[in-house]
Amino acid sequence: MNRRSFRRLHLILQLLKWHLTWLSGTSSMCAWMIDRFGSEEQRHRYCPKLCTMEKFASYCLTEPGSGSDAASLLTTAKRDGDHYVLSGSKAFISGGGEADVYVVMCRTGVKGSKGISCVVVEKGTPGLSFGKKEKKVGWNSQPTRAVVFEDCAIPLTNRIGEEGQGFNIAMHGLNGGRINIASCSLGAAYASILLARDHLKVRKQFGEPLSSSQYLQFKLAEMATKLVASRLLIRSAAVALQQGREDAVALCSMAKLFATDECFAICNQALQMHGGYGYLKDYAVQQFLRDIRVHQILEGTNEVMRMLISRNVLQE
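Here the structure is a predicted model, which is why all the values come from computation and not from measurement.

Reading the values: the criteria
- Residues numbered from 1 in each chain as written.
- Predicted model: local features only at pLDDT ≥ 70, side-chain atom pairs only at ≥ 80, totals over all residues.
- Heavy atoms only, no water.
- Helix = DSSP H or I, 4+ residues; strand = E, 2+ residues; numbered from the N terminus.
- Buried < 20%, exposed > 50% of the residue type's maximum accessible area, 1.4 Å probe, protein only.
- Core = buried A, V, L, I, M, F, W, Y, C linked by side-chain atoms within 4.5 Å.
- Phe/Tyr/Trp six-rings, centres within 6.5 Å; stacked < 30°, edge-to-face > 60°.
- Lys NZ or Arg CZ within 6 Å of the ring centre and 35° of its normal.
- Axes fitted to C-alpha atoms, helices over the stretch in contact; angles between N-to-C directions.
- Parallel < 35°, antiparallel > 145°, perpendicular 65-115°, else oblique.
- Left-handed = near helix turned anticlockwise from the far one by under 90°.
- Contact = heavy atoms within 4.5 Å.
- Nonpolar A, V, L, I, M, F, W, Y, C, P; charged D, E, K, R; others polar.

1. What to know about unusual backbone geometry
Thinking step 1. The phi torsion at M53 lies on the positive side, around 65°, for a residue other than glycine.
Thinking step 2. Within the element layout of this structure, M53 appears in the loop between α3 (40–51) and β1 (57–60).
Thinking step 3. For M53, a relative accessible area of 39% translates into the label partly exposed.
Thinking step 4. With a phi angle near 55°, W139 is a residue other than glycine that sits in the positive phi range.
Thinking step 5. With respect to the helices and strands, W139 occurs in the loop between β6 (128–130) and β7 (144–155).
Thinking step 6. Note on W139: relative accessible area 5%, which makes it buried.

Take a look at the structure:
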């Protein structure tokens, strides 16, 4: 994918905003992981239909007992002849129960990151089941469930990359995932600014439209500035990742941290500008706020982003 194509993907994700975050973000991230680290046979088997969205994929890393400390995951994959037998569960899985393909990080070796491998489990595999659909504050158009493996046997040929390479594959996938999430935040923030602008023009208080208030004009200017700054940082990170630069991890972390924090602040300010109307479900701005709040948690919490950025700075 060249630089222009990657910009197109970023723009598409921005336009999709929040409704199709799992479809456009997580599923495309899984397709990239298979394309980047999978065998030729695996690419031909999975990527075409994932790229056309005939099928969708879910990324399975988080577990009930391991979130930010992903290397401590407990789901196991034990060899049995020419198969792996998976046992364990994953939590908060986007698309759980609806996706056709599950890219799963599991333990095939020793404790820690070096004992983790990456495998593909297809929907309908015996031993694969799902928990209840979670009731969330936002992202309600996207199903989230636990993914459970009970003596779930898959062929050894479903492994992506080599044994012990899974944690590295997972982290590479998250770099792109952070750009995805940041881009979706950007879309919600942009839409919120437009809603706030239109509301300020028509809503009158003290005999004048709210748009005549210099205080609100300044707030709108700050929102627009944060939006453009976020967009430029995301694009810079996307280019660095595509070029394989050494600073790509730090830039992806910066983009995710800055954009998700600032875009949430933009949506929150837009709701405030709506006054009481902004708190009503008849007005779209409240949904943008609810939906993008989780972006500060997904694909690595923003606290973890700060850890990754500071580590990069201290190494220089």
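2. A closer look at the nonpolar core
Thinking step 1. Counting residues in each nonpolar core, the largest one holds 32 residues, and the members touching the most others are M223 and I234.
Thinking step 2. Going through the elements one at a time, α4 (166–202), α5 (214–243), α6 (248–273) and α7 (285–292) are the ones with two or more residues in this core.
Thinking step 3. At 11 residues, α6 tops the list of elements feeding residues into this core.

3. A word on the packing of aromatic side chains
Thinking step 1. Counting across every chain of the model gives 3 aromatic pairs.
Thinking step 2. When the ring of Y277 is compared with that of Y283, the centres are 5.5 Å apart and the planes differ by 50°; the resulting orientation is tilted.
Thinking step 3. Over the ring of F37 we find R36; its NZ or CZ atom is 4.7 Å from the centre of that ring.
Thinking step 4. Here the basic side chain of R293 rests over the ring of F264, its NZ or CZ set 5.8 Å away from the ring centre.

4. A look at the packing of α4 against α7
To characterise two packed helices, one gives the angle between the axes of the helices and the distance between these axes.
Thinking step 1. Viewed as axis vectors pointing N to C, α4 and α7 meet at an angle of 160°, and their least axial separation amounts to 10 Å. Between α4 and α7, the angle is such that the two are roughly antiparallel. Crossing handedness for the pair α4 and α7: left-handed. In contact with S185, A188, A191, S192 and L195 of α4, α7 contributes V285, F288 and I292.
Thinking step 2. Tallied by class, residues from the contact of α4 with α7 come to 6 nonpolar, 2 polar and no charged.

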